[in-house]
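The primary structure of each chain is shown beneath.
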Amino acid sequence: MTAWHEQDDFWETMPMFSPEHMEVAPAEVDQILFLLDLRPGAAVLDICCGIGRHSIEFARRGYSVTGVDRTAAYLTRASEAAAAQSLHVEWIQADAREFVRAEAFDLAVNLYTSFGYFEDAAENRRMAENILHSLKPGGFLVMDLMGKERLARIFTPRDWRELPDGSLFLQERTIKDDWTWIKNRWILVKDGQRWDFTLGHHLYDGAGLRALLLDAGFESVGLYGDMGGAPYDNDARRLVAVACKAGSTRGR
């Protein structure tokens, strides 16, 4: 059976990117750049870039950007959006478990809970190792997830909402395997049609994500409660890891 994250119908059908998601991308890039001293023109890897909302914003600011995603439809949307703004981004269709470009990037970003999809923990570590190998010495990874601590505070087993186009989106959630995995059922009812998908991903707390990234080879990992640098404490809204690869940072 094809894993949920390899089903094009899922990515092309489910309402992943709202207008609000598009609107906040510039502010999120502002926050990332606030966290890091990134030189003008630096090489940025957006791994699991989706429709390219952050890739395009980095390119707008003069960075050399590569966006990688497995979903062709997303990359088509991203390419069209970049072209409409006369912005150059290198778009690559690839699985994050396979993409490596040795020591090519000053910064890698992996945002919007785009990590931990693979049931085999070794494959998630492999993705982290690929990112590490793709960074220049002294390069950084910024990873943004919904942390386990935050999820435990706001957890609801099910909810639904009506989308602006009148469709209904229903979500059902089950915690599995001692709070290490979340199983989701997403149902979309639109224009008389119904789509029903089951998906899941690993849940990471702060300590667990830091340990995974250090084990993958990063030299240091700092944790924040949002991309603005807030503490990862009881008020954290997200789990943001800033991981550094060993080596000189001169000229980053």
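This write-up is about the structure you can find in this document. (Residues numbered from 1 in each chain as written. Predicted model: local features only at pLDDT ≥ 70, side-chain atom pairs only at ≥ 80, totals over all residues. Heavy atoms only, no water.)

### Points about the overall build of the protein chain
Okay, so step 1: Each helix and strand in the protein chain was counted, giving seven helices and 11 strands.
Okay, so step 2: In terms of overall dimensions, the protein chain is globule-like: its C-alpha atoms have a radius of gyration of 18 Å, near the 18 Å expected for 252 residues.
Okay, so step 3: Judged by the C-alpha coordinates and their principal axes, the protein chain covers about 55 × 45 × 35 Å.
Okay, so step 4: A total of 252 residues make up the protein chain; the buried ones form 46% of that total.
Okay, so step 5: Residue pairs in contact within the protein chain that sit at least 24 positions apart in sequence constitute 64% of those at least 6 positions apart.
Okay, so step 6: Looking at the protein chain as shown, the accessible area adds up to about 12200 Å², and 49% of this sits on carbon and sulfur atoms.
Okay, so step 7: Within the protein chain, one finds 28 positive and 38 negative side-chain charges whose respective centroids are separated by 2 Å. (Helix = DSSP H or I, 4+ residues; strand = E, 2+ residues; numbered from the N terminus. Rg over C-alpha atoms; globule rule 2.2 N^0.38 Å. Buried < 20%, exposed > 50% of the residue type's maximum accessible area, 1.4 Å probe, protein only. Contact = heavy atoms within 4.5 Å. Areas by Shrake-Rupley, 256 points an atom, 1.4 Å probe, with all protein chains shown as cover. Lys, Arg positive; Asp, Glu negative; His and termini not counted. Charge placed at Lys NZ, Arg CZ, Asp CG, Glu CD.)

### Quick word on helix α3 (residues 53-60)
Side chains three or four residues apart in an α-helix point the same way, a direct result of the helix having 3.6 residues per turn.
Okay, so step 1: Burial of α3 is extensive: seven of the eight residues sit out of reach of the surface.
Okay, so step 2: Here α3 has its buried residues at R53, H54, S55, I56, E57, F58 and A59.
Okay, so step 3: Looking at the buried residues of α3, the elements they touch are α2 (19-35), β1 (43-47), β2 (64-69), α4 (72-84), β3 (90-93) and β4 (105-110).
Okay, so step 4: One or two positions beyond α3, positive phi appears at G62, with a value near 95°.

### Let's talk about the packing of helix α5 (residues 121-134) against helix α7 (residues 206-216)
Okay, so step 1: For the pair α5 and α7, interaxial distance at closest approach is 9 Å and the crossing angle is 55°. By the criterion of interaxial angle, the relationship of α5 to α7 is oblique. The chirality of how α5 crosses α7 is right-handed. Where α5 approaches α7, its residues R125, A128, E129 and L132 are matched on the opposing element by L212, L213, D215 and A216.
Okay, so step 2: Looking at the contact of α5 with α7, its residues break down into five nonpolar, no polar and three charged. (Axes fitted to C-alpha atoms, helices over the stretch in contact; angles between N-to-C directions. Parallel < 35°, antiparallel > 145°, perpendicular 65-115°, else oblique. Left-handed = near helix turned anticlockwise from the far one by under 90°. Nonpolar A, V, L, I, M, F, W, Y, C, P; charged D, E, K, R; others polar.)

### Some details on the sheet that holds strand β7 (residues 168-176)
Okay, so step 1: Ordered in space as β6-β7-β8-β9, the four strands form an open sheet in which the pairing is antiparallel. Edge positions in the open sheet fall to β6 (158-162) and β9 (193-202), since each of these has one partner strand only. Across this sheet, the average inter-strand angle for adjacent strands is 15°, counted without regard to direction.
Okay, so step 2: Note that β6 and β7 share five bridges and pair antiparallel. Across the sheet, residue R158 finds its bridge partner in β7, namely E172. (Pairing = 2+ DSSP bridges.)

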